[in-house]
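Coordinate analysis (summary)
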Protein chains: 2
Amino acid sequence: MGRRKAGGASRKEAILEMATVFFAEKGFRDTAIGDIARMIGVADGTIFYHYKTKEDLFVAVMENFKEQLIRETREYLAGRGEVNGLERIEGLISFYISLAAKLEQRFLLLHRHYPYELAEDNPGCRRHLEDIYDFFTRVFEDAILAGQRDDSIIEIPAHKVALILFTMVDGLVRIGTFRLYQPSALYEELTASCRRMLEKKEGA
Amino acid sequence: MGRRKAGGASRKEAILEMATVFFAEKGFRDTAIGDIARMIGVADGTIFYHYKTKEDLFVAVMENFKEQLIRETREYLAGRGEVNGLERIEGLISFYISLAAKLEQRFLLLHRHYPYELAEDNPGCRRHLEDIYDFFTRVFEDAILAGQRDDSIIEIPAHKVALILFTMVDGLVRIGTFRLYQPSALYEELTASCRRMLEKKEGA
DNA sequence: GAACAAACTGAGCGATCAGTTAATTTTTTA
DNA sequence: TAAAAAATTAACTGATCGCTCAGTTTGTTC
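Cut-offs and rules
- Residues numbered from 1 in each chain as written.
- Chains lettered and ligands numbered in written order.
- Predicted model: local features only at pLDDT ≥ 70, side-chain atom pairs only at ≥ 80, totals over all residues.
- Heavy atoms only, no water.
- Helix = DSSP H or I, 4+ residues; strand = E, 2+ residues; numbered from the N terminus.
- Buried < 20%, exposed > 50% of the residue type's maximum accessible area, 1.4 Å probe, protein only.
- Contact = heavy atoms within 4.5 Å.
- Areas by Shrake-Rupley, 256 points an atom, 1.4 Å probe, with all protein chains shown as cover.
- Lys, Arg positive; Asp, Glu negative; His and termini not counted.
- Charge placed at Lys NZ, Arg CZ, Asp CG, Glu CD.
- Least-squares fit on C-alpha atoms with pLDDT ≥ 70 in both.
- Buried area = accessible area lost by both parts, 1.4 Å probe.
- Salt bridge = Lys/Arg side-chain N within 4 Å of Asp/Glu carboxyl O.
- Polar contact = N/O pair within 3.5 Å; in protein donor to acceptor, adjacent residues only side chain to side chain.
- Nonpolar A, V, L, I, M, F, W, Y, C, P; charged D, E, K, R; others polar.
- Disulfide = S-S within 2.5 Å.
- Phe/Tyr/Trp six-rings, centres within 6.5 Å; stacked < 30°, edge-to-face > 60°.
- Lys NZ or Arg CZ within 6 Å of the ring centre and 35° of its normal.
- Core = buried A, V, L, I, M, F, W, Y, C linked by side-chain atoms within 4.5 Å.
- Domains from an automatic or database assignment.

**A closer look at the overall build of chain A**
A tally of helices and strands in chain A yields 10 helices and 0 strands. Ordered by position in the sequence, the α and β elements of chain A form the string α-α-α-α-α-α-α-α-α-α. Overall, the C-alpha framework of chain A stretches about 70 × 40 × 35 Å when taken along its three principal axes. Buried positions account for 54% of the 204 residues belonging to chain A. The long-range fraction of contacts in chain A, counting pairs at least 24 apart against all pairs at least 6 apart in sequence, stands at 67%. By element, 49% of the accessible surface of chain A is carried by carbon and sulfur atoms, the whole surface being about 9,700 Å². Of the side-chain charges in chain A, 29 are positive and 32 negative, and the distance between the mean point of each set is 6 Å.

Structure, rendered in structure tokens:
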């Protein structure tokens, strides 16, 4: 059986966590397996015992991050009060921005280009990326459809507009990490813009 | 003076062009100076004669790309017909999408994360990135202000909305390169959404 | 306490690559 | 045309890094 450290976390979990930090912060190529190993006081070989290659380790990191994203979003959706579709959209945008702020470092995993390159010939990696995008697009789409049912949102192609909305908010978060401006400073105007884009006026 | 190749381009220009292709296609770290050199039939040392370091070469590539982006956009703006502000916005979105399609490979220079990391401690690189974002934001902003003067666009904070619009269209282009969907397939709905976001209704 | 399997180690191999150097060739200048 | 300057080359250096592997340690099962 595997040895357990004091904290209760297995070596394998510790490796995955530290790899997440390094891959997000420095990227795949600029992360040396030796750096990860030294940081958690483990031999290089230990990492290769648990993960066959550096690439496999990266894919495991992506899978773990995907699961975290979906879990946290599901928790938000579950704890959300009774509101109409348009308000759900506004809540989602606000939630995504705050999630990206909370997990700023880890979001680099999505905003670097490497994962998308790897996805081209690594089915596991592609799968995780598609899962993430499909999940968020569906969450936005569901809110639009609900809004069309409760008459808060106009008749538009729900899937396409969901894609546009998610792209917009994710793009804003991404460019926000470049420190060219604060994404939160645009938040007010962003929700106002989305409302104009979606809102159904009275007496339609 | 340097030897000239048949085409008339100097070695230095050839190096810059080939470096652009490699840095865009494979990224900074995964591009070996030796690859660039071999591709144009030049010794490694020749590259270091013209550009002191690999990083300097990269910054030169960014500068060159910046100039191309601004030049091509200025040409579009100059050749554009007389239209109102809202139509100018729609034209700009269409132009940006087609420019990104035409220069798909080179746009990776903007959509990779490395340049933004380098910008943190390389003033030259930061300068070029800021120039690019400032330029496009201003172009969108000018169109919004024009639209507010000719009553085609409602009263909104022009700079902030310009940032949102540019982020949205650039984000769409970026995610389009992941092959998860075709950005042109969203074009119709994108312009319709922007119109709803900006358009001033009759009789205000 | 013997036998076994899982977890772990770290030295070392082979390959890659940015940058250097010294010698050579080409071009410019006077 | 000869000296000076610029451009180019091939060979080399030193450092990095992914991965392997032969062997060791640890925990479990009879």
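So that's the structure; there's more coming.
**Observations regarding the relation of the copies chain B and chain A**
Superposing chain B onto chain A requires a rotation of 180° together with a translation of 0.0 Å along the rotation axis, leaving an RMSD of 0.0 Å. Expressed as a symmetry operation, the mapping of one chain copy onto the other fits a two-fold axis. When the interface residues of chain B are mapped onto chain A, 100% of them again lie at the interface, so the same face is used by both copies.

**Some details on the interface of chain B and chain A**
The partner chain A presents 36 residues to the 36 residues of chain B that form the contact. When the buried surface of chain B facing chain A is broken down by residue, B:His113, B:Ile164 and B:Arg196 rank first, second and third, together holding 17% of it. The interface formed by chain B and chain A holds 4 salt bridges in total. Salt-bridge contacts for A:Arg29 lead to B:Asp30; the nearest nitrogen and oxygen are separated by 2.4 Å. At the boundary of chain B and chain A, one finds 6 residue pairs in polar contact (both at pLDDT 80 or more). Sort the elements by how many residues they give to the side of chain B that touches chain A and helix H9 (residues 158-176) of chain B lands first, with 11 residues. Its residues placed into classes, the side of chain B that touches chain A shows 20 nonpolar, 5 polar and 11 charged.

**Topic: the state of the cysteines**
What the rule picks out here adds up to 0 disulfides over all chains. You can see B:Cys194 has no disulfide; the closest cysteine sulfur is in A:Cys194, sitting 11 Å from it. Overall, the relative accessible area of 1% leaves B:Cys194 in the buried class.

**Quick word on the packing of aromatic side chains**
Under the definition given, this model contains 30 aromatic pairs over all chains. A centroid spacing of 5.4 Å and a plane angle of 10° characterise the contact between B:Phe136 and B:Phe166, whose relative ring orientation is stacked. Placement of B:Phe136 in helix H8 (residues 123-149) and of B:Phe166 in helix H9 is noted, with a sequence separation of 30 residues between them. For the pair B:Phe136 and B:Phe166, a shared accessibility class is recorded, and that class is buried. Ring-pair connections join several aromatic residues into one group, and the members of that group are A:Phe65, A:Tyr96, A:Phe107, A:Tyr116, A:Tyr133, A:Phe135, A:Phe136, A:Phe140 and A:Phe166. The ring of B:Tyr51 has B:Lys12 lying over it, and the distance from NZ or CZ to the ring centre is 5.5 Å. Across from the ring centre of B:Phe28, 4.4 Å away, lies the NZ or CZ of B:Lys54, which sits over that ring.

**A word on the nonpolar core**
Residues A:Leu57, A:Leu165, B:Leu57 and B:Leu165 are the most contacted members of the largest nonpolar core, which totals 146 residues. Not counting chain neighbours up to four residues away, the residues in contact with B:Leu57 comprise B:Ile15, B:Leu16, B:Ala19, B:Phe23, B:Ile33, B:Ile36, B:Ile47 and B:Tyr51.

**Description of the domain arrangement of chain A**
Residues and elements named next belong to chain A. The domain boundaries assigned to chain A delineate domain 1 (1-51) and domain 2 (59-198). Distance from the C-alpha centre of domain 1 to the C-alpha centre of domain 2: 29 Å. Tallying the contact residues gives 12 residues for domain 1 and 9 residues for domain 2. Summed over the three residues of domain 1 that lose the most area to domain 2, namely Leu16, Thr20 and Ala24, the buried surface amounts to 45% of that side. Our count for the contact surface shared by domain 1 and domain 2 stands at 1 salt bridge. In this structure, glutamate 17 and arginine 106 form a salt bridge, with 3.2 Å as the shortest nitrogen-oxygen distance. If you look at where domain 1 meets domain 2, you find 4 residue pairs in polar contact (both at pLDDT 80 or more).

**What to know about the side chain of B:Lys54**
Residues and elements named next belong to chain B. Mapping lysine 54 onto the fold places it in helix H4 (residues 54-79). Put simply, lysine 54 is tucked away with no salt bridge, and the nearest opposite charge, on aspartate 30, sits 8.0 Å away. Lysine 54 has contacts with Phe23, Phe28, Arg29, Thr31, Ile33 and Phe48, leaving out every residue within four places of it along the chain.

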